[in-house]
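# Examination of the molecular architecture
Here is how the chains run, residue by residue.
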Amino acid sequence: MERSGRGCVGLYINRSIKMSNEHKRFWEILDEVEICMVTTADKGAMRARPMAAYIDKEARSIQFVTDGDSAKLMEINADSDICLSFADTGKMLFASVIGKATVSRNRALIHQMWGPYCDVFFGSDPATADVAVIEVHPDFAEYWDNDSSAVGMAVELARAYFSDDGPDLGPNAKLEM
């Protein structure tokens, strides 16, 4: 099982969608961005918060460890639709994920996912920490992959400004997961 450096275990695999090169690049981008914005619905309002993402490319799963009494868990219980936004402005990498979230309190899973982020936020003992795992099953995703430097991006924007062409911002793909 291929894992990010932050640790992860995946339970959900959608084998009906083949891993195209675009799908592979999408998972690589997610693996490069450690923190993402997790957006849930809260009584009709959207709430976003930063969380450390645990990426498992092989299982096609994105997971998070959170407080066991977090409002996120109640929000997911009421509405499992979720949106994840990944951004690394230094590398000009961006991704968005729409999917369904589930919640697990499985101690074996928590122990397998436990790592440095968990130690900082929840203490050093996964056996006694009051935490839960949010697992996201992606339905759709999109990414933007621009390997230009800030100077390269400025040159491209200036070129587009003085031409009839729009800027070339690098590869963009919309994916069914």
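In this text the structure is predicted, and so the values were computed from the model without any measurement.

## Examining the packing of aromatic side chains
Summed over the entire model, instances satisfying the criterion amount to 4 aromatic pairs. For the pair tyrosine 161 and phenylalanine 162, a centre-to-centre distance of 4.9 Å together with 90 degrees between the ring planes defines the contact as edge-to-face. Pair check on accessibility: tyrosine 161 and phenylalanine 162 agree, each one exposed.

## Side note on the nonpolar core
Phe26, Leu30, Ile62, Phe64, Leu84, Phe86 and Val136 are the most contacted members of the largest nonpolar core, which has 29 residues in total. Within the residue set of this core, elements represented by two or more residues are α1 (21-32), β1 (35-42), β4 (61-67), α2 (71-78), β5 (81-88), β6 (93-104), β7 (131-145) and β8 (172-176). Take this core: its biggest share by element is 5 residues, from β7. Those residues in contact with phenylalanine 64 that sit more than four places away from it in its chain are Cys36, Val38, Met51, Ala52, Ala53, Tyr54, Leu84, Met113, Ala132, Val133, Ile134 and Val136. Core analysis: the next-biggest nonpolar cluster, separate from the first, contains 10 residues, Val65, Leu109, Trp114 and Ala129 among them.

## Section: the pairing of strand β2 (residues 45-52)
Along any regular strand, the residues point their side chains to alternate faces of the sheet. Here β1 runs beside β2; their pairing, made up of 8 bridges, is antiparallel. Paired with threonine 39 across the bridge in β2 is alanine 48. Joining the antiparallel neighbours β1 and β2 is a turn of 2 residues, in which lysine 43 adopts a positive phi near 55 degrees.

## Observations concerning the layout of surface pockets
Considered as a void within the structure, the largest pocket measures approximately 230 Å³ in volume. Lining the largest pocket are 14 residues, with Met51, Ala52, Val65, Phe121 and Phe122 positioned closest to its centre. Looking at the lining of the largest pocket, the elements with two or more residues in it are β2, β4 and α4 (116-122). Residue composition of the lining of the largest pocket, grouped by class: 10 nonpolar, 1 polar and 3 charged.

## Digging into the pattern of salt bridges
Scanning the model with the defined rule gives 11 salt bridges in all. With a closest N to O distance of 3.9 Å, arginine 47 and aspartate 42 form a salt bridge.

## Re α2
Every buried residue of α2 is listed here: Lys72, Leu73, Glu75 and Ile76. In an axial view of α2, the angular spread of the buried residues amounts to 160 degrees, which keeps them on one side of the axis. Opposite the packed face of α2, turned more than 90 degrees from it, sit the exposed residues Met74, Asn77 and Ala78. Residues of α2 that are buried make contact with β1, β2, β4, β5, β6 and β7.

## Considerations on the side chain of threonine 39
One can find threonine 39 in strand β1. Among the residues examined, threonine 39 registers a relative accessible area of 14% and is labelled buried. In this view, threonine 39 contacts Met46, Arg47, Ala48, Ile82 and Cys83; residues no more than four positions away in its chain are not counted.

## Let's talk about the confidence of the model for the protein chain
Here the protein chain averages 86 in pLDDT, and 89% of its residues register 70 or above. With pLDDT under 50 throughout, residues 1-15 is counted as low confidence; its partners more than four residues away or in other chains account for 55 contacts.

## Some thoughts on the pairing of β5
Here β5 shows a clear split, with Ile82, Leu84, Phe86 and Asp88 buried on one side and none of Asp81, Cys83, Ser85 and Ala87 buried on the other. Where β1 meets β5, 4 bridges bridge the pair, whose relative direction is antiparallel. Across the sheet, the residue bridging to threonine 39 is cysteine 83, located in β5. Here 8 bridges tie β5 to β6, and the two strands are oriented antiparallel to one another. Within β6, the position partnered with isoleucine 82 by the bridge is glycine 99.

Cut-offs applied
- Residues numbered from 1 in each chain as written.
- Predicted model: local features only at pLDDT ≥ 70, side-chain atom pairs only at ≥ 80, totals over all residues.
- Heavy atoms only, no water.
- Phe/Tyr/Trp six-rings, centres within 6.5 Å; stacked < 30°, edge-to-face > 60°.
- Buried < 20%, exposed > 50% of the residue type's maximum accessible area, 1.4 Å probe, protein only.
- Core = buried A, V, L, I, M, F, W, Y, C linked by side-chain atoms within 4.5 Å.
- Helix = DSSP H or I, 4+ residues; strand = E, 2+ residues; numbered from the N terminus.
- Contact = heavy atoms within 4.5 Å.
- Pairing = 2+ DSSP bridges.
- 1 Å grid on protein atoms, 1.4 Å probe; cavity = no way out; pocket = protein on both sides within 12 Å on 5 of 7 lines; lining within 4 Å.
- Points joined across faces, edges and corners; volume = space filled by probe spheres on them.
- Nonpolar A, V, L, I, M, F, W, Y, C, P; charged D, E, K, R; others polar.
- Salt bridge = Lys/Arg side-chain N within 4 Å of Asp/Glu carboxyl O.
- Arc of directions from axis to C-beta.
- pLDDT = per-residue confidence, 0-100.

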